[in-house]
Amino acid sequence: MKNLLLFSFLAIVLVTSCKKDNYDPLEQQREEERKFNEQLAKDTVIISNFLKQKELSYQRSKEGVYYEVLEPGAGSVVYNASTKIQVKFRALLLDGTVIDESAKDTPVTYTLGDLIAGFQIGVPLIQPGGKIILYIPSGYVFGARAIVDNSGKQIAPANSNFIFELELVQAI
C-alpha cells in the first residue's frame, strides 16, 4: 500500500510539473502579438497627437508607420529584402533628441532586409533621389529594448517612437 501511495504521489508531481514546463510556441507567439498590438495602439495615439500638435501633414501605411514624402524620387525600383540602398539619414526621438545620423555628404549603404522594420516599410514609398520623413512606432524600431551608447549610457528608453529623416540616394 505504501508503494502505491508513493507511486501515486510521484506520478502526480511528475504530471503537474511537466504541465508547468510545457513550452507552447504558438501561445508565446500569440502573447508577443498581443503585446505588440497593445503597444502599437499606444504609439499610434502618441504619434498621431504629436503630428496634430505640430500641424504636420502625413499619411499612414497599412502597418501603422506615419510618413510624409518630401520628394518622391524617380525610377521604378521593385524593393525586396536583398535590395542594397544608399541613404543619408537622421534618427530622432519625438522630443527632437538626435540619436544617430549619417555624415551630411556621405551616404551609407545597407541591405534593406537587414534594417529595422520601419525602414523596410518606409523606403519602398520613395524612389532613388526621394526624401521622406518617417514617424515610426516603437515596435517597428527597437521595441521594448532601451538603446545605449558604447559607454552604456541610455540614449533612448524602451518603447521609443522615432522620426527618421531619410534621403534615398540610390537603390541597387
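Everything in this summary refers to the structure shown in the same document.

Thresholds applied
- Residues numbered from 1 in each chain as written.
- Predicted model: local features only at pLDDT ≥ 70, side-chain atom pairs only at ≥ 80, totals over all residues.
- Heavy atoms only, no water.
- Helix = DSSP H or I, 4+ residues; strand = E, 2+ residues; numbered from the N terminus.
- Polar contact = N/O pair within 3.5 Å; in protein donor to acceptor, adjacent residues only side chain to side chain.
- Contact = heavy atoms within 4.5 Å.
- Core = buried A, V, L, I, M, F, W, Y, C linked by side-chain atoms within 4.5 Å.
- Buried < 20%, exposed > 50% of the residue type's maximum accessible area, 1.4 Å probe, protein only.
- Pairing = 2+ DSSP bridges.

## What to know about the side chain of Thr-83
In step 1: Mapped onto the fold, Thr-83 is located in the loop between strand 2 (66-71) and strand 3 (84-93).
In step 2: At a separation of 2.9 Å, a polar atom in the side chain of Thr-83 contacts the main-chain amide nitrogen of Asn-80.
In step 3: When residues no more than four places from it in sequence are discounted, the contact partners of Thr-83 are Val-78, Tyr-110, Thr-111, Leu-112, Ala-171 and Ile-172.

## What about the nonpolar core?
In step 1: Ranked by internal contacts, the top residues of the largest apolar core, which has 29 residues, are Ile-85, Val-123, Leu-134, Ile-136, Phe-162, Phe-164 and Leu-166.
In step 2: When residues of this core are traced back to their parent elements, those giving at least two are strand 3, helix 3 (117-122), strand 6 (131-136) and strand 9 (162-171).
In step 3: If sequence neighbours within four positions are ignored, Leu-166 has contacts with Val-87, Lys-88, Phe-89, Phe-119, Val-123, Gly-130, Lys-131, Ile-132 and Leu-134.
In step 4: Formed by 9 residues, the second largest nonpolar core is a distinct cluster that contains Ile-47, Tyr-66, Ile-133 and Tyr-135.

## Focus on the pairing of strand 4 (residues 98-101)
In step 1: Relative to strand 4, strand 3 runs antiparallel, the two sharing 3 bridges. Residue pairing across strands places Ala-91 opposite Asp-100, the latter belonging to strand 4.
In step 2: Where strand 3 folds back on strand 4, the antiparallel hairpin that results is connected by 4 residues, among which Gly-96 adopts a positive phi of roughly 95°.

## Comments concerning the environment of Asp-100
In step 1: Position of Asp-100 relative to the elements: it lies in strand 4.
In step 2: For Asp-100, the contacting residues outside a window of four places in its chain are Phe-89, Arg-90 and Ala-91.

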